Every structure is written in C-alpha cells, then in structure tokens.
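# Survey of secondary and tertiary structure
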Amino acid sequence: MGEVRTGGEAALSGVTAELDAALRHAAAQAPGSAAFAELLDSLHVHVGAGKLIRPRLVELGWRLATADPVPPSGRAAVDRLGAAFELLHTALLVHDDVIDRDVLRRGQPAVHASARHRLEARGVPAADATHAGVAVALIAGDVLLTQAFRLAATCAADTARAAEAAAVVFDAAAVTAAGELEDVLLGLSRHTGEEPDPDRILAMQRLKTAHYTVGAPLRAGALLAGADPDLARAMGEAGADLGAAYQVIDDVLGVFGDPGETGKSADGDLREGKATVLTAHGRRIPAVRALLDAGPATPADIEAARRALEAAGAREHALDVAAELTVRARERIAALPLDETVRAEFADACHAVLTRRS
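A short tour of the structure in this document, coming up. (Residues numbered from 1 in each chain as written. Predicted model: local features only at pLDDT ≥ 70, side-chain atom pairs only at ≥ 80, totals over all residues. Heavy atoms only, no water.)

Counting its regular elements, the protein contains 17 helices and two strands. Rg of the C-alpha trace for the protein: 20 Å, near the compact-globule value of 21 Å for 358 residues, within the 12% margin. Dimensions of the protein, computed from C-alpha atoms along their principal axes, come out at roughly 60 × 55 × 30 Å. Taken across its 358 residues, the protein has 52% of its residues classed as buried. Considering only residue pairs separated by 6 or more positions, the protein has 74% of its internal contacts joining residues 24 or more positions apart. About 15200 Å² of surface is accessible on the protein, with carbon and sulfur atoms providing 57% of the total. Computed over 37 positive and 50 negative side-chain charges, the inter-centroid distance for the protein is 1 Å. (Helix = DSSP H or I, 4+ residues; strand = E, 2+ residues; numbered from the N terminus. Rg over C-alpha atoms; globule rule 2.2 N^0.38 Å. Buried < 20%, exposed > 50% of the residue type's maximum accessible area, 1.4 Å probe, protein only. Contact = heavy atoms within 4.5 Å. Areas by Shrake-Rupley, 256 points an atom, 1.4 Å probe, with all protein chains shown as cover. Lys, Arg positive; Asp, Glu negative; His and termini not counted. Charge placed at Lys NZ, Arg CZ, Asp CG, Glu CD.)

For any two helices packed against each other, one specifies the inter-axial angle together with the distance between the axes. Here helix 6 (residues 126-153) crosses helix 7 (residues 159-186) at 160 degrees, and the two axes come no closer than 8 Å. By the angle class used here, helix 6 and helix 7 are roughly antiparallel. Facing Phe149, Ala152 and Ala153 of helix 6, the residues of helix 7 in contact are Ala162, Ala166, Val169, Phe170 and Ala173. For the contact of helix 6 with helix 7, the class distribution of residues is eight nonpolar, no polar and no charged. (Axes fitted to C-alpha atoms, helices over the stretch in contact; angles between N-to-C directions. Parallel < 35°, antiparallel > 145°, perpendicular 65-115°, else oblique. Nonpolar A, V, L, I, M, F, W, Y, C, P; charged D, E, K, R; others polar.)

A negative phi angle characterises most non-glycine residues, just as the trans form characterises most peptide bonds. Here the phi dihedral of Leu52 falls at roughly 55 degrees; this positive angle occurs in a residue that is not glycine. Structurally, Leu52 can be placed in the loop between helix 2 (34-42) and helix 3 (53-66).

As a further point, take the packing of aromatic side chains. Enumeration over the complete set of coordinates arrives at one aromatic pair. Consider the rings of Phe149 and Phe170, whose centres lie 5.3 Å apart with planes at 85 degrees: the pair is edge-to-face. Of this pair, Phe149 sits in helix 6 while Phe170 is found in helix 7, placing the two residues 21 residues apart along the sequence. On the basis of relative accessibility, which here comes to 36%, the residue Phe170 falls in the partly exposed class. The ring of Phe256 is capped by Arg315, whose NZ or CZ atom sits 4.2 Å from the centre of that ring. Note that Arg356 overlies the ring of Tyr246, its terminal NZ or CZ placed 3.9 Å from the centroid. (Phe/Tyr/Trp six-rings, centres within 6.5 Å; stacked < 30°, edge-to-face > 60°. Lys NZ or Arg CZ within 6 Å of the ring centre and 35° of its normal.)

This brings us to the nonpolar core. Within soluble globular proteins, side chains that are nonpolar generally end up buried alongside one another. By size, the foremost hydrophobic cluster in this structure holds 104 residues, and its most contacted members are Leu81, Phe85, Leu88, Leu309 and Phe346. Counting residues per element, this core draws most heavily on helix 10 (residues 229-256), at 15 residues. The residues touching Leu81, leaving out its near neighbours within four places in the chain, are Val58, Cys155, Ala165, Val169, Ala220, Gly221 and Leu224. (Core = buried A, V, L, I, M, F, W, Y, C linked by side-chain atoms within 4.5 Å.)

What helix 5 (residues 111-121) keeps buried is the set Val111, His112, Ala113, Ala115, Arg116 and Leu119. Contacts from the buried residues of helix 5 go to helix 4 (72-100), strand 2 (108-109) and helix 6. One or two residues past the end of helix 5 sits Gly123, with phi positive at roughly 100 degrees.

So, about helix 3. Under the 1.5 Å per step criterion, the end-to-end length of helix 3 is 20 Å for 14 residues, consistent within 8% with the ideal 20 Å. Counted residue by residue, helix 3 has twelve buried out of 14 residues, so it is predominantly covered. Three or more residues of helix 3 are buried, namely Ile53, Arg54, Pro55, Arg56, Leu57, Val58, Glu59, Leu60, Gly61, Trp62, Arg63 and Leu64. One or two residues past the end of helix 3 sits Ala67, with phi positive at roughly 65 degrees. (Expected span 1.5 Å × (residues − 1).)

It is worth stressing that arrangement in space is one thing and function is another; only the former is reported here.
So this is what it looks like as structure tokens:
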C-alpha cells in the first residue's frame, strides 16, 4: 500500500519472527512427515515476502484509536495479530493462484506451479503433476489458514480483547470466500451472455479484497487497543473504501503494470476474462467486448485487448473510480473523533494507494 508508517522496519521484525515461528509450529505437529516439513519450509519464500501491508494497518488501527504509538506492553499482541492477517493473506493468495490459474506470485513460481515442476522433474506425468500441484496448494493454503486463526485467537493476554480481534479475522475469511465465489461467477459472464454490472463488480471487490486487506486490519487493531466497537467498525468501513480503491488500482496494474515491478503477469487477468471495473468500462464498446469475449490467448491477442481498453478510456476511468473511493474513505475518517496526526497518516495511506506501481 506504500509507506504506512509503523515506527520503522524494526517494528516489523516481530511480525516476521511470528511468521517464522508459525511455520515451524505447523511443521512440528507432524514430525513423521518429511513431505509436510518440506512443504512448510518452501512456504517461507511466500510468507512475509510482500510489503506486510496488513500488519502495518493493524498497527495503524491501534494508533488511530489511541493517538499514541504502540507501547512496549502491546507490541507482542500487535505483532501476533498482524502476523495472523499476513498468514490469512498468504493462504488466500495460494488458493487464488489455483482458482485463477496464475503461475507467478511475487516474482516466484506460485505454490501449485512450483510443486508441479518438482514432480515433473521426478518423472511424474504432466497431467498427474498438475493435479498434484493443485492438491499441494490447497493443503498449503489450509495450513496457513489454521495458523492464522491460531495466532489471532491467542494474540493477547487479555482474552476479551483477543477474542474481539480474532472474531474480525475469522469473519474476514468468510467474507473473502464470498467475494471469491462472486469473482469466479462473474468471470464466466463472457460465456453466459450476462453483462457484468460495475456495481456488482465493486461489491465483489469489497468482499474479496477490500475487507480483509484494509478494513479488517484497521478494525481489529483498534479493538486490540480497546477502542469502542462502534468506532472500530466505522474505521473498518473507511478502510474498506480504501481497500476497494486498492483493488481497482491492482486491476489496472494487472493489465498495464510492469511485471518486473508488480511481481506478477500482466496477461493473466485478460487471459482469464476477469470482471473488473477496468474491463466493465471497456465492454461498453462492442469492438472491445468482442475482443474480451474471444478470450485473448496469444501475446498478440492480449496486446490488442490492452490497446483497445486504453483507447476506450478504461484505465482513466478506473483511476477516477479509485480516486473517488479514497475521497470517500478520507471523508469517513474525517467524521470520526480521531487525532489530527493519525488522520494525516490515513491520508498518506490514501495517497500511497493511488500512486502505487506494485
């Protein structure tokens, strides 16, 4: 999301330690399985490899609620809750790569693709290796989910506050599942003749990404700090607007971004026919709709679709939508009884979303 301030990278070292410990804890539960230990070890390249946006936002939620830095007495709880969100995020990415048939994640082979390559190298037939790779990714994602829930449920010595914060993590997983289902079905619209509605697309993105990426971490961090539940909920709603803007920008980068900066393919969304604010705007033009419905497969097809979306003003429209969402998020925060300094930090986060390149 950009430079959400958390007191420096040293503040994130506790999150990283929690993530490493969680993977070791999971592996230790099955000491008789060398394959399981190998799988958990391979996940280190994915867990915590991003910008740790969600742990940063947990801490921002604490500061928005208290107007104070996290005290030493609260550091371990904030780190553990932040790590829970990061594990949830990684689990969702592992599963999402299977659903979207993406083979690249953060510049590395996706879990299912990496497992497939290893099995093929050992002589497993391609079809069986592909199926097994999917199975490995599903198992890996499930393990990461269970560890996310374990950390969330035990994030603080104050069991009441831990329970409130953990409930947000649990609910975020369910909300994201609903959004993922909507995304899968919307992606089939080119075959069903049903034209994706822009409002439904935005609603899907709030469910699938905005809630757990921004809204839930802000809300959970505030609850962990002891904030009034209504205030924490309002902060979460502002965060969801910002998270929706984040996803719209992500969709723009998914078509027009530089894979060297984003760490993922710029062809996948077009190839899979994903329904986004970007493509919904372009589909208003019959020629663009025909290109997208044809299911671009070759590099030339994908480049033609990309140029057509650009000419249709789809990129500019999507950026405008993202800007409107960030304005609404800032207005929501401005209406809350929060310290001016932390409001400014939220404004910085809004700016970082709109200017992100990866």
